[in-house]
Amino acid sequence: MKFPKPLENSNSLLAKYLTKAVFEQLKDKKTTNNFTLKDVIKSGVKNLDSGIGAYAGDEETYTIFATLLDKIIEEYHDFKKEDLQQSNLNTDDLFAPNPDAEGNYIISTRIRVARNIKGIPLGTIISKKQRNEIEKQVSTILKSLKGELAGKYYALNNMRKEEKEALISNHFLFQSGDRFLEAAGLNRDWPNGRGIFHNNDKTFLLWINEEDHLRIISMQQGGDIKEVFVRLVKAIEKMQQKIDFAYHKHLGYITTCPTNLGTAMRASVHIKLPNLGKNKEIFQDIAKKYNVQIRGIDGEHSKSKGSIYDISNKRRLGISEVQCVQDMYRGVIALIKKEKELERN
Ligand code: ADP
Ligand code: DAR
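Because the structure is predicted, anything quoted here is derived from the model rather than measured.

> Whenever I open this one, the state of the cysteines confuses me. Can you help?
Any covalent bond linking the sulfur atoms of two cysteines counts as a disulfide. This structure, assessed with the given rule, holds zero disulfides. Residue Cys257 stays outside any disulfide, its sulfur separated by 15 Å from that of Cys324, the closest cysteine. The exposure class of Cys257 is buried, given its relative accessible area of 8%. The class of Cys324 is buried, set by a relative accessible area of 0%.

This is the structure we're talking about:
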């Protein structure tokens, strides 16, 4: 393997931390699942506009390639090697009265966590057989859920095009992976082994074999963030009664992308902010101050539509799940306050 020269034209964290010395140290290493340095970096080498540029193939990747990944993780999450991840799913610890009870700004709230099954390779190198086994195991557990979480599983293989498009347009279903995920090998055998479960109210959803083995999702219209969090915790507790998830005392929940490590949680609102949309600098300053990320409303790398933005916690590692939601909440409060000020000008 030769040093990937194209990285010299990239501003990704991969480009920053894969020095010639680190490359020489890691170029012949591989995990017991034969995940190599080339596998770790291929998405970032192909997509020079990556922010991170690296993906894992299994839990071991984070140990074998720690010389590179620890630096990326430390900078992205501001998380030191000696820090430990502290999980807290106690919903009583969350202070989040609805910040928009009148419904003038917040369209919808969604909180998700990623989970991967202990001992099974991640989506980047999982075999077709292993992926299908996950689909069978997880969909069987989901079909046994009762009460508010009861619902139906839809394998992408058997889903009609119109059904799929309707779920995507309503923000319930994932689209086939973008070029970053494609280059990482996450779209292999698409749509085999992929599917979505949702309860009858479509407020609890679970994705199987998208970017991670599971994405556990709670979502609803409006800004009752606490209610969304309570439902998510209930769903997580049900799933972890039956499945042993990959967890590390330093890195927390193990995920395919280093940006999702730790809580693996993204808590977001879709929110109408027309005036902030016209004052991008103020918008970005508030987002930076409150550690929130601004996205478009049709998934990562998408654009805002109708002055509606996806606002979510940026930090996922080194803070607890309650703090992730609290980060998003505080950011939303500050953004609504500024939007109201700008309305008056
Ligand atoms: P994630 O990694 O959390 O899944 P994405 O940005 O890829 O994030 O979003 C996945 C899907 O979830 C997209 O269809 C997006 O429109 C939808 N989504 C994210 N946040 C919200 C929200 N607060 N309300 C409604 N839909 C949402
Ligand atoms: N686009 C890749 C991944 C960034 C985080 N998003 C994920 N994991 N969906 C990048 O390196 O920018």
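> Help me out: how do you make sense of the site of ligand 1 in this one?
If you check the shell around ligand 1, you find 18 residues, and the closest are Ser108, His171, Ser268, Arg295 and Ile297. Contact distances for ligand 1 include 2.8 Å between a nitrogen atom and a side-chain N or O atom of Ser268. Asp310 places a side-chain nitrogen or oxygen 3.2 Å from a nitrogen atom of ligand 1. In the complex, 93% of the free accessible area of ligand 1, which totals 550 Å², lies under the protein chains. Contributing elements (two or more residues each) for the shell around ligand 1: strand 1 (106-115), strand 5 (214-221) and strand 8 (265-272). Broken down by class, the residue content of the shell around ligand 1 amounts to four nonpolar, six polar and eight charged.

> What's the story with the nonpolar core in this structure? I'm lost.
In globular proteins that are soluble, nonpolar side chains generally tend to be buried together. Core analysis: the biggest nonpolar cluster contains 59 residues, and Val138, Leu206, Ile216 and Met239 have the highest contact counts within it. Counting residues per element, this core draws most heavily on helix 12 (residues 321-344), which supplies ten residues. Filtering out sequence-adjacent residues up to four positions away, Ile216 remains in contact with Ile111, Arg112, Val113, Arg115, Phe204, Leu205, Leu206, Leu232, Ala235, Ile236 and Met239.

> I tried to follow the pattern of salt bridges on my own but got confused; where do I start?
For the structure shown, the criterion picks out 22 salt bridges. For Arg215, the salt bridge goes to Glu210, with nearest N and O atoms at 3.8 Å. Residue Arg215 is classed as buried on the basis of its relative accessible area of 5%. Exposure remark for Glu210: the relative accessible area of 15% places this residue in the buried category. Glu341 serves as the salt-bridge partner of Lys337, at 3.5 Å between the closest nitrogen and oxygen. On the criterion of helical spacing, the pair formed by Lys337 and Glu341 is a turn pair, its members being four residues apart in helix 12. Here Glu341 falls in the partly exposed class, since its relative accessible area comes to 26%. Salt bridges sharing partners connect three or more residues here, namely Glu210, Glu211, Asp212 and Arg215.

> Just checking my understanding: could you explain the site of ligand 2 for this structure?
Taken together, Ser50, Gly51, Ile52, Gly53, Tyr55, Phe180, Glu211, Cys257, Thr259, Asn260, Glu300 and His301 make up the full set of residues adjacent to ligand 2. Within the backbone of Ile52, a nitrogen or oxygen atom sits 2.9 Å from an oxygen atom of ligand 2. A distance of 2.8 Å separates an oxygen atom of ligand 2 from a polar atom in the backbone of Gly53. In isolation ligand 2 exposes 340 Å². Once the protein is present, 89% of that is buried.

> Would you explain the packing of aromatic side chains in this entry?
Both the distance between ring centres and the angle between the ring planes are used here to describe each pair of aromatic rings. Applying the stated criterion across every chain yields a total of seven aromatic pairs. Taken together, a centroid distance of 4.6 Å and an interplanar angle of 70° make the contact between Tyr247 and Tyr253 edge-to-face. The rings of Phe174, Trp190 and Trp207 are connected pair by pair, giving a single aromatic cluster. When the ring centre of Phe245 is taken as reference, the NZ or CZ atom of Arg115 above it lies at 6.0 Å. For the cation-ring pair, Lys314 lies above Tyr76, with the distance from its terminal atom to the ring centre recorded as 4.3 Å.

Calculation criteria
- Residues numbered from 1 in each chain as written.
- Chains lettered and ligands numbered in written order.
- Predicted model: local features only at pLDDT ≥ 70, side-chain atom pairs only at ≥ 80, totals over all residues.
- Heavy atoms only, no water.
- Disulfide = S-S within 2.5 Å.
- Buried < 20%, exposed > 50% of the residue type's maximum accessible area, 1.4 Å probe, protein only.
- Near = heavy atom within 4 Å.
- Polar contact = N/O pair within 3.5 Å; in protein donor to acceptor, adjacent residues only side chain to side chain.
- Areas by Shrake-Rupley, 256 points an atom, 1.4 Å probe, with all protein chains shown as cover.
- Helix = DSSP H or I, 4+ residues; strand = E, 2+ residues; numbered from the N terminus.
- Nonpolar A, V, L, I, M, F, W, Y, C, P; charged D, E, K, R; others polar.
- Core = buried A, V, L, I, M, F, W, Y, C linked by side-chain atoms within 4.5 Å.
- Contact = heavy atoms within 4.5 Å.
- Salt bridge = Lys/Arg side-chain N within 4 Å of Asp/Glu carboxyl O.
- Phe/Tyr/Trp six-rings, centres within 6.5 Å; stacked < 30°, edge-to-face > 60°.
- Lys NZ or Arg CZ within 6 Å of the ring centre and 35° of its normal.

Spatial relationships are all this shows, so hold off on functional conclusions.
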